[in-house]
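Observations on chain architecture
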Amino acid sequence: MGNHIKTEIQEKQVAQKVIDQYAHLAADLIGEDRVSANEADLLSNCRDFWPVSNIWMLEGYVPALPQLVVWPKNKEEVSQLLKLANELMVPVVPFGEGSGTLGGVVPVNGGVVIDLKKMNRIISIDDESLMVTVESGMNGALYEEQLNRAGYTGGHFPQSLRCSTVGGWLACRAAGQFSTRYGKIEDITVSLEAVLPDGTIFSGRSVPRTATGPRLDHLFLGSEGILGVITAATLRIWPLPEKRLMDTFTFAELEEGLEAIRLIMRSGARPAVVRLYDAQETGHHFPELGDKRCGLILLIEGNEKIITAEREVIKEIVSRYGSVDEGEEHVRHWLENRFNVSVASKLFQKGAVLDTIEVSTNWHNAFSTYKVMQNALMSLEGTMLASGHYSHVYPDGAALYLTTVGFPGEDKVGYYKRIWQAAMESCLAENASISHHHGIGLHRGQWMREEHGAGLDLLMRVKQSMDRNEIMNPGKLGIAEVSKWPK
Amino acid sequence: MAKIKKVDMEQLLNCALCPNLCRCDCPVLQVTGREAVAPAGKARQAALVQESYLSWNKELLEAVSNCLGCRNCTLLCPFPDLNLCDELLHARIGEKKADINLPEWEPYLNNLKKYSSPYGRKESGMAEVNGDKVDIVYFAGCTSLANNVNSVEMAKKLLQKADVGYAMIEEDCCGYPAETWGDMDLVSRLAEENCRKIKDSGAKKLVTSCPECWQTFNERYPAWGYELEVEVVDGPSYFLGLVREGRLNPHSLDFGKISYHDPCIWARTANMVDEPRELLGSIPGLEVIEPYASGKETHCCGGGRMFQLSFPETAAAVAARRLNDFNENALIATACPFCREALQGEKGQVFELIELLAKACLDR
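Everything numeric here is computed off the predicted structure, so don't read it as measured data.

1. Quick notes on the overall build of chain A
Check the secondary structure of chain A and you find 17 helices and 20 strands. Relative to the compact-globule value of 23 Å for 487 residues, chain A shows a C-alpha radius of gyration of 23 Å, a close match. Taking the principal axes of its C-alpha atoms as reference, chain A extends roughly 70 × 60 × 40 Å. Looking at chain A as a whole, 55% of its 487 residues are labelled buried. Sequence separation of at least 24 residues holds for 74% of the intrachain contacts in chain A that already meet a minimum separation of 6.

2. A closer look at the nonpolar core
A general trend in soluble globular proteins is that nonpolar side chains are found buried together. Val70, Ile114, Leu170 and Ala423 of chain A together with Leu357 of chain B are the most contacted members of the largest nonpolar core, which totals 269 residues. Counting residues per element, this core draws most heavily on helix α15 (residues 412-429) of chain A, at 8 residues.

3. Observations regarding the interface of chain A and chain B
Chain A puts 36 residues into the contact, and the matching count from chain B is 31 residues. Among the secondary structure elements, those contributing two or more residues to the side of chain A that touches chain B are α2 (39-44), α3 (51-58), α5 (140-149) and α13 (342-349) of chain A. If you tally residues by element for the side of chain A that touches chain B, the top one is α13 of chain A, at 6 residues.

4. What to know about unusual backbone geometry
All names here are of chain A. Despite not being glycine, glutamate 470 has its phi angle at roughly 50°, a positive value. Within the secondary structure layout, glutamate 470 lies in the segment after α17 (454-466). Given 16 C-beta atoms within 10 Å, glutamate 470 falls into the partly exposed group.

5. Comments concerning the sheet that holds strand β4 (residues 205-208) of chain B
All names here are of chain B. Taken together, 5 strands build an open sheet; the order of strands is β1-β3-β2-β4-β5 and the sheet is mixed. Looking at strand neighbours, the two that pair on one side only are β1 (128-130) and β5 (231-234), the edges of this open sheet. Across the sheet, the axes of successive neighbouring strands diverge by a mean angle of 25°, strand direction being ignored. One ladder, built from 3 bridges, connects β1 with strand β3 (residues 166-168); its direction is antiparallel.

6. Description of the domain arrangement of chain A
Often, the extent of an interface is quoted as the loss of accessible area upon association of its parts. Residues and elements named next belong to chain A. Taken domain by domain, chain A holds domain 1 (6-117), domain 2 (122-239), domain 3 (243-337) and domain 4 (342-452). If you average the C-alpha positions of domain 3 and of domain 4, the two centres end up 24 Å apart. Between domain 3 and domain 4, the contact holds 14 residues from the first and 11 residues from the second. Elements with a contribution of two residues or more to the side of domain 3 that touches domain 4: α9 (254-267), β15 (273-277) and α10 (279-285). Top contributing element to the side of domain 3 that touches domain 4 by residue count: α9, with 7 residues.

7. Regarding the domain arrangement of chain B
All names here are of chain B. Taken domain by domain, chain B comprises domain 1 (9-93), domain 2 (128-242) and domain 3 (251-362). Computed from C-alpha atoms alone, the centre-to-centre distance between domain 2 and domain 3 is 21 Å. Residue-level contacts link 26 residues of domain 2 with 26 residues of domain 3. Elements that contribute at least two residues to the side of domain 2 that touches domain 3 include exactly α7 (142-147), α8 (149-161), α9 (176-180), α11 (211-224) and α12 (235-244). If you tally residues by element for the side of domain 2 that touches domain 3, the top one is α8, at 7 residues. Its residues placed into classes, the side of domain 2 that touches domain 3 shows 10 nonpolar, 12 polar and 4 charged.

8. Focus: α3 of chain A
Judged by how many residues are buried, α3 of chain A sits mostly within the fold: 7 of 8 residues are covered. Residues of α3 of chain A that are buried include every one of Pro51, Val52, Ser53, Asn54, Ile55, Trp56 and Met57 of chain A, and no others. Looking at the packing, one finds that the buried side of α3 of chain A touches β3 (61-62), α13, β18 (353-361) and α15 of chain A together with α1 (9-16) and α3 (39-50) of chain B. The positive-phi residue at the C-terminal boundary of α3 of chain A is glycine 60 of chain A, with phi of around 85°.

9. Topic: the environment of lysine 359 of chain B
All names here are of chain B. Within the fold, lysine 359 resides in helix α18 (residues 353-362). The exposure class assigned to lysine 359 is partly exposed, which follows from the 17 C-beta atoms found within 10 Å. Distance in space between the C-alpha atoms of lysine 359 and methionine 154 is 8.6 Å, their sequence separation being 205 residues.

10. Looking at helix α16 (residues 312-323) of chain B
Residues and elements named next belong to chain B. Between its terminal C-alpha atoms α16 stretches 16 Å, which fits the 16 Å expected from 12 residues at 1.5 Å a residue. Among the residues making up α16, those that are buried are Thr314, Ala315, Val318, Ala319, Arg322 and Leu323. Of the surrounding elements, those touching the buried residues of α16 are α2 (27-32), α15 (307-310) and α17 (337-343).

11. Description of the pairing of strand β8 (residues 131-135) of chain A
Residue and element names in this part refer to chain A. For strand β7 (residues 122-126) and β8, the ladder comprises 4 bridges, and the chain directions are antiparallel. Note that in β8 the partner of serine 124 across the bridge is threonine 133. Taken together, β7 and the strand that follows it, β8, pair antiparallel across an intervening segment of 4 residues, in which leucine 130 is found at a positive phi of about 50°.

Rules of the game
- Residues numbered from 1 in each chain as written.
- Chains lettered and ligands numbered in written order.
- Predicted model: local features only at pLDDT ≥ 70, side-chain atom pairs only at ≥ 80, totals over all residues.
- Helix = DSSP H or I, 4+ residues; strand = E, 2+ residues; numbered from the N terminus.
- Rg over C-alpha atoms; globule rule 2.2 N^0.38 Å.
- Buried ≥ 20, exposed ≤ 12 C-beta atoms within 10 Å, placed from the backbone.
- Contact = placed C-beta atoms within 7 Å.
- Core = buried A, V, L, I, M, F, W, Y, C linked by C-beta atoms within 7 Å.
- Pairing = 2+ DSSP bridges.
- Axes fitted to C-alpha atoms, helices over the stretch in contact; angles between N-to-C directions.
- Domains from an automatic or database assignment.
- Nonpolar A, V, L, I, M, F, W, Y, C, P; charged D, E, K, R; others polar.
- Expected span 1.5 Å × (residues − 1).

In structure tokens:
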């Protein structure tokens, strides 16, 4: 690199002569136009949307740098590139569009980034069985757009839809805003195709269910690049919904709203969107509703007769909890603004530290986890806001999503660590799971032991058996400590 | 000397710190797959240079220059005042400019310096006056003159048929390619020459067929500090006016299905999406069908910011992507010499509106 930009958590780098050798051989395999040590490419593939990366960027640092970026066009090329990396023991980080929020793509040990964006096609659509096979590097919004043009929906709308890839969704077990009807990505997945570090290409069978031993392709769901590279997937799709119904209700207390949505799920009704906000977030997202009551927005879609019946069931349930029917306009407002995250850019420039923390609860601890985590965050010096909502609900529980903003002064990274420490410890104390859909990445790996207990040892053994040379995405999922990023 | 706007660091950082909801709409990112040319990727590099954490080199300059100026990223951008294309441009040509050029630009920049056109030597003697009183200057633009001189001839015949008093001047490039390639001295020279010649013509209006020229005369000249003292009018609206006034009367064309490709500047900057359609609709016999992305949501053809010259592979890939939006049985019409050039290919002939209008008004 011509410039010498500072890195904050670069643990190590591969010897330059090894990288040069890799680059030379990779160029022979896939062409030199798709192998780059260009400074612009290294700087751009070194990070995701981890708030710490933004804090450092404003101070002129990057977290760590890769030494090479490669762009395979198909699974065979991924296989060749991984095999070569395995032989030369070069670390590999798979990269989609970098929308992760926990540093999951930071190349702490340098090495090679495999950028999958040139693998961006829908391979086939099976109308009869309602499945699509798609390459992992396809952008989410373009995926949904192409499905819509063919008369389907993929049913998966994460807030990152427009800035994430299908492979990224799979690698971190993503959730979309319509997940209560369509499921999280692991529910939408039929099968996966992946390449192992030794170059082996394998895929699961694209049948609805099997009883042929564990589904090993599903092992890659949530694997965050530590086991290999996801190259394609067969996913469930749905015909575009016939009709949508939208409703907003408000409740005097958050607990009343929670009880109502628990009973909605228990009734068998399956709205696509269920979002229950605390009073603070209700006032923020829907100013016309005020900040004294808790807003619930619901969107039901599908066959008109079915959803009309679902709406009747839902209205009867919410009416038991003193709800006020606020009409459908607020849902329309949410639909129009649901991808907007502009406030983050503005707050970072004003010196704030902002983050979102999502955890998974059962119904018995859904409210208590909210209270305990909110209190823990608010007790930290510098915290201005800690608000929450529930945005993915199930018969057995819900996802709790907290947003926190603080103005800590100079020590922004220290404050960032303190909010996570407070949030994770209080979450674990309530026996909730530390992540619902953002994944673990680099930063949340520090609580994987508390989350999994002996299960983390099992994950390590799986990792060791599949990736003997430990080349795949070092430092992620809590597998190995990153000494320059202590708790 | 032409002035350059200061980089708005707040806006540049808004983009650099954003996860980029616009990524799906950036044609350069989508065809290259390079993070370095993603909107936030470019904004981060530009911001780091502006803050002196990095210095320009060819690699950074090449990445930050990989912007078509299509403003497709504005469709989903949550920052209404952010014009990333211009911020990136100002970052590399402004106060903290890059003192280097890309080798890809050199031959065309040399042409521009020598011949006042990026395409090289022009035919001289193009200046002419039609009629006793000069109402307009018709500014053909370098790209039409180099690649589709027929459209210029057709425009002149249409103006004659409509009895418009017009002048053609010995054109110098409007100056926008020189700005794109960072030579502000050359921008000044070209702008001064054009201002003088247009003023000397005595016309009250300047009509341009090329959206880049229109944007340059309309927006860039005032920003650079040059005053034209004429009304700048876009070609489609001007010729539509002649049809509405009954000065041009199109006859039927038996062309079947045809789709209009909205050039980015006309649609997103000039907010002109109805006029070209009305002009097309004034020609009987055409069955006009919309492509997949149209109006303000049009997809770029790959021709912006002189990409066809400096980054031809990327330009071709963007054009191929755009062609997928069209019904394969439909002809394509557009109102931009860059778009016409970019979309010409295996799928058949692409017409400029002016050519279709000329066929409908003159060919009988």
